[in-house]
Amino acid sequence: MPISRRQFFKNAAAGVSVAGILRGNPLGMPIGCQTWPVRKMIAKDFPGTIKVLSAAGFETIELCSPVGYADSGFAGLAQYKGAELRKILGDSGVKCVSSHFGIGELRKDLPGRIAWANDVGLTQMMVPSLEGPRNPTMDDVKRAADEYNKMGAQSAKAGIQQGLHNEGFELSMVDGKRTYDVLFDLLDPKLVKFQFQVSTISQGYDAADYFTKYPGRFVSMHVQDWSPATKREMAVGQGTLDWTKIFTAAKTGGIQNYFVEMNLDLMKASVPFLRKLQV
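Residues numbered from 1 in each chain as written. Predicted model: local features only at pLDDT ≥ 70, side-chain atom pairs only at ≥ 80, totals over all residues. Heavy atoms only, no water.

Colleague: Talk me through the sheet that holds strand E9 (residues 218-223); I want residue IDs and the actual numbers.
Modeller: Within the closed barrel, the eight strands sit side by side as E1-E2-E3-E4-E5-E8-E9-E12. Their pairing is parallel. Each adjacent strand pair in this sheet contributes to an overall mean axis angle of 30°, direction not counted. Relative to strand E4 (residues 124-127), strand E3 (residues 95-100) runs parallel, the two being bridged by three bridges. Opposite His-100, over in E4, you have Met-126 as the bridge partner. Relative to strand E5 (residues 161-164), helix H7 (residues 138-157) is tilted by about 150°, and along the sheet it contacts E4, E5 and strand E8 (192-197). Helix-sheet contacts for helix H10 (residues 243-253) involve E9 and strand E12 (257-260), and the interaxial angle to E9 is about 160°. (Pairing = 2+ DSSP bridges. Helix = DSSP H or I, 4+ residues; strand = E, 2+ residues; numbered from the N terminus. Axes fitted to C-alpha atoms, helices over the stretch in contact; angles between N-to-C directions. Contact = heavy atoms within 4.5 Å.)

Colleague: Explain the pattern of salt bridges residue by residue, including any values.
Modeller: According to the stated counting rule, one finds six salt bridges in the structure shown. A salt bridge links Lys-150 to Asp-146; the nearest nitrogen and oxygen atoms lie 3.4 Å apart. Taken as a pair, Lys-150 and Asp-146 lie in helix H7 at a separation of four residues, close to a single helical turn. Taking the relative accessible area as the measure of exposure, Lys-150 reaches 54% and is therefore exposed. (Salt bridge = Lys/Arg side-chain N within 4 Å of Asp/Glu carboxyl O. Buried < 20%, exposed > 50% of the residue type's maximum accessible area, 1.4 Å probe, protein only.)

Worth remembering: the numbers are spatial, not functional.
In structure tokens, the structure reads:
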């Protein structure tokens, strides 16, 4: 509903987000997307790809490291200094505070990767998986958690928040329990947060349930809708997931940002729904 000029400034004076008033973005957060789905485009033209994402309505993006994801299309990012990357993003009206890093590159050179993150202006370093064995023992899980806690401590000293995604190893079972759940007990909540992959609903991992069960333990989420009938990802708002419930629970979970992550057409089709969604 249109608002008057008087009401506009009244709301602004009261501390109400103007973007939230005009767009209705859930939780008042900018609409974000992961760059993994457009990695082939990025390999050919990073600045041009960012302009495409911005034109589609995305206000923030999540990168992938040019070291850990060099073979996936992100190697070219290494040619830019941090200030240059920030300018490319800023010129397109896009911000970036988060990127994915492979656990392998952090094991090899954590100080170097932290330095790159700081140079780019990141505050969050997300790891897709701790890459433990497919059928881990409890000792395997404890070793992985201990290693990542130490990485989290070192990153925190540099003002960087480490965050763990849920893929592969994290979706395994150990001693009759979900490895993912065990990691919530083993990882230090002050040093490590979690990034939830909403599409894991296909394997029984419900976002709203996890946000409610583990309050304050999350920092972000990757967003996809889901169709049980076709067993395929859908544009947000076109599947069967209850997004009001998910975003409401996200407040409890501690979510600070979210990134749509599907093929480009589905990501674009998700924007109108997210702009209208109010939580």
